[in-house]
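Tertiary structure, described
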Amino acid sequence: MRKVALVGAGVVGSSWSIVFARAGYQVSVYDAKQSAREGVPAFARLVAQDLAAHGLMEGAEVEPTLARIKIAGSLEDALSGAAYVQESAPERLELKVALYAELDRLIRPEMIVGSSTSGLPASSFTRDVKNRARCLVVHPINPPHLIPLVEIVPAPWTAPEVVEGASEIMRAVGQSPIRLTREINGFVVNRLQSALLGEAFRLVEDGVCSAADVDAAVADGLGMRWFFMGPFQTIDLNAAQGIAEYCQTLGPMYYGLAKEQADPRPWGPQLVETIERELRVKAPANRRAERRAWRDGYLADLGAFKRAHKE
Ligand SMILES: NC(=O)c1ccc[n+]([C@@H]2O[C@H](COP(=O)([O-])OP(=O)(O)OC[C@H]3O[C@@H](n4cnc5c(N)ncnc54)[C@H](O)[C@@H]3O)[C@@H](O)[C@H]2O)c1
């Protein structure tokens, strides 16, 4: 399997182009908007050069990698001969339903079609697709060329070999797949993020600490460990005898906290305004592009560090 088709070349689709091309795949990019698909090569060049500077091209050379990315003039051209399709069209249900109706004519029985959707279950847009057993969610964290995790989420009708095949392809291109056994709102990553964000807003709303303090609690505290180990590994090392002792000692405290946090609150406009006002002191709105570049440079440095320390 050497060719993949990318359908939708916005923020996420463009980033996918490098992920697949870097791993040696021929990449055929289709976007309904001509300017979007034609912008991919220039974006890919910048990203590939940056990845090369950080030693993150997995041994691939920049120019041959870029040469593997081709722009397709139609959906048919993009999918022709491709064994894997990564769909990254806008997060609008009616749009995905219409797109999958179009894709249906082109999905061959051996193809796998992964959707980048952040929150729509595949069952919501593949119900009437003839080859729906070949479709599932392959949800990246943006930008996938710098963040390896992907969530593999099958619809009830996704074939088991498609789940396995999508996981294999993701591993082959250097991503780190986790598999969900079934569809669930928010998948795993956003459910975890939701728990943390809910508490972050609550702490500021209740005047317990500032927004900057919440950010510091994660960036300089919890995040230092979470960068390379998850919460279970973390607590396993935080008690002399490991996770069972930790849960026995601290389980009741966490259960009590969870009860305090059980009542969800909306993020009201006044609260959001307060947090934004505080944020803007250090993060002015007119410096977003600069801050994004800083974030991506940081992520690349961390990615290189992590690679060097892989077990
Ligand atoms: N941006 C993120 O942080 C992020 C992260 C993870 C997953 N996602 C998911 O990835 C998908 C794409 O998000 P994005 O942020 O890249 O959106 P985007 O708006 O930047 O890009 C979507 C692209 O799809 C194109 N498009 C629209 N209709 C099309 C069609 N019928 N066929 C082909 N192309 C079409 C648009 O022209 C646009 O270029 C969404 O499902 C989103 O939920 C986004």
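For the structure itself, look to the data block above.
Throughout, residues of each chain are indexed from 1 in the direction in which the sequence is written. Given that this is a predicted model, residues contribute local features only at a pLDDT of at least 70 and side-chain atom pairs are listed and counted only at 80 or more, while totals for whole chains, interfaces and linings are drawn from all residues. Excluding hydrogens and water, the side-chain values take into account all heavy atoms of the structure.

1. Digging into the site of the ligand
By nearness alone, 24 residues border the ligand, and V12, D31, E91, K96 and S118 come closest of all. A distance of 3.0 Å separates an oxygen atom of the ligand from a polar backbone atom of V11. The contact in question runs from an oxygen atom of the ligand to an N or O atom on the side chain of K96, over 2.8 Å. Residue-level accessible areas treat just the shown protein chains as cover; the underlying method is Shrake-Rupley with a 1.4 Å probe. When the ligand is considered free in solution it has 830 Å² of accessible area, and contact with the protein chains removes 76% of it. Counting residues per element, the ones that place at least two in the shell around the ligand are helix 1 (11-22), helix 6 (93-104) and strand 6 (135-140). Counting residues per element, the shell around the ligand draws most heavily on helix 6, at three residues. Residues are grouped as follows: nonpolar covers Ala, Val, Leu, Ile, Met, Phe, Trp, Tyr, Cys and Pro; charged covers Asp, Glu, Lys and Arg; every other residue, Gly included, is treated as polar. The residue inventory of the shell around the ligand, partitioned by class, reads 12 nonpolar, eight polar and four charged. By convention in these notes, a residue is near a molecule or strand provided one of its non-hydrogen atoms lies within 4 Å of it. Polar contact is the term for a pair of N or O atoms within 3.5 Å; when the atoms are in protein, one must be able to donate a hydrogen and the other to accept it, and sequence-neighboring residues count only if both atoms are side-chain atoms. Segments assigned H or I by DSSP are reported as helices when at least four residues long, segments assigned E as strands when at least two residues long, and all are numbered from the N terminus.

2. Quick notes on the side chain of S123
Along the polypeptide, S123 turns up in helix 7 (residues 123-126). By definition in these notes, contact holds between two residues if any of their heavy atoms fall within 4.5 Å. If we skip the residues at most four places from it in the chain, S123 touches A155, P156, W157 and E183.

3. Side note on the packing of helix 9 (residues 189-205) against helix 13 (residues 269-282)
Where helix 9 meets helix 13, the axes come as close as 10 Å, and the angle between the chain directions of the two elements is 85 degrees. When the axes of helix 9 and helix 13 are compared, the pair comes out roughly perpendicular. Residues F201, V204 and E205 of helix 9 form the contact with helix 13, whose own contacting residues are L271, V272 and I275. By residue class, the composition of the contact of helix 9 with helix 13 is five nonpolar, no polar and one charged. Here the axes come from fitting lines to C-alpha atoms, over the contacting stretch only for helices, and the angles between their N-to-C directions go from 0 to 180 degrees. Oblique is the label for any angle not covered by the other classes, which are roughly parallel (under 35 degrees), roughly antiparallel (over 145) and roughly perpendicular (65 to 115).

4. Things to note about the sheet that holds strand 1 (residues 3-7)
At least two bridges found by DSSP between two strands is the condition for calling them paired. In spatial order, the strands read 3-2-1-4-5-6-7-8; together these eight strands make up an open sheet with mixed pairing. The open sheet terminates on both sides in strands that have one partner only, identified here as strand 3 (69-71) and strand 8 (176-179). Strand after strand, the sheet turns through a mean of 25 degrees between neighbouring axes, direction not considered. The sheet contact formed by strand 1 and strand 2 (residues 26-30) spans five bridges and is parallel. Considered in strand 2, the bridge of V4 is made with V27.

5. Regarding the nonpolar core
Only buried residues count toward a nonpolar core. Its members are Ala, Val, Leu, Ile, Met, Phe, Trp, Tyr and Cys residues joined through side-chain atoms within 4.5 Å. A 1.4 Å probe rolled over the protein chains alone gives each residue an accessible area, and that area as a share of the maximum for its type sets the label: buried under 20%, exposed over 50%, partly exposed in between. Ranked by size, the top nonpolar core spans 37 residues in total, and within it F20 and M170 carry the most contacts. Contributions of two or more residues to this core are made by strand 1, helix 1, strand 2, helix 3 (40-53), helix 4 (62-67), strand 6, strand 7 (149-154) and helix 8 (160-172). Counting residues in each nonpolar core, the second largest holds 28 residues, with Y30, L75, A122 and F125 among its members.

6. Some remarks on the layout of surface pockets
Points on a 1 Å grid, built from protein atoms alone, make a cavity when a 1.4 Å probe fits but cannot get out and make a pocket when they are open with protein on both sides within 12 Å along at least 5 of 7 lines; residues with an atom within 4 Å of a point are the lining residues. Grid points are joined across faces, edges and corners, and a volume is the space filled by probe spheres set on the points. Space inside the second largest pocket adds up to approximately 380 Å³. Lining the second largest pocket are 19 residues, and of these F43, V47, H145, R295 and D296 sit closest to its centre. Secondary-structure elements contributing two or more residues to the lining of the second largest pocket are helix 1, helix 3 and helix 14 (288-308). With six residues, helix 14 is the largest single contributor of residues to the lining of the second largest pocket.

7. Brief notes about the packing of helix 1 against helix 3
Across the interface, helix 1 lies against helix 3 with an axial gap of 9 Å and an inter-helix angle of 60 degrees. Between helix 1 and helix 3, the angle falls in the class oblique. The chirality of how helix 1 crosses helix 3 is right-handed. Two secondary-structure elements touch here, helix 1 through S14, S15, S17, I18 and R22 and helix 3 through V40, F43, A44, V47, A48 and L51. Across the contact of helix 1 with helix 3, the residue classes break down as seven nonpolar, three polar and one charged. Whether a crossing is left-handed or right-handed is set by the direction in which the near helix is turned from the far one by less than a right angle, anticlockwise for left-handed and clockwise for right-handed.

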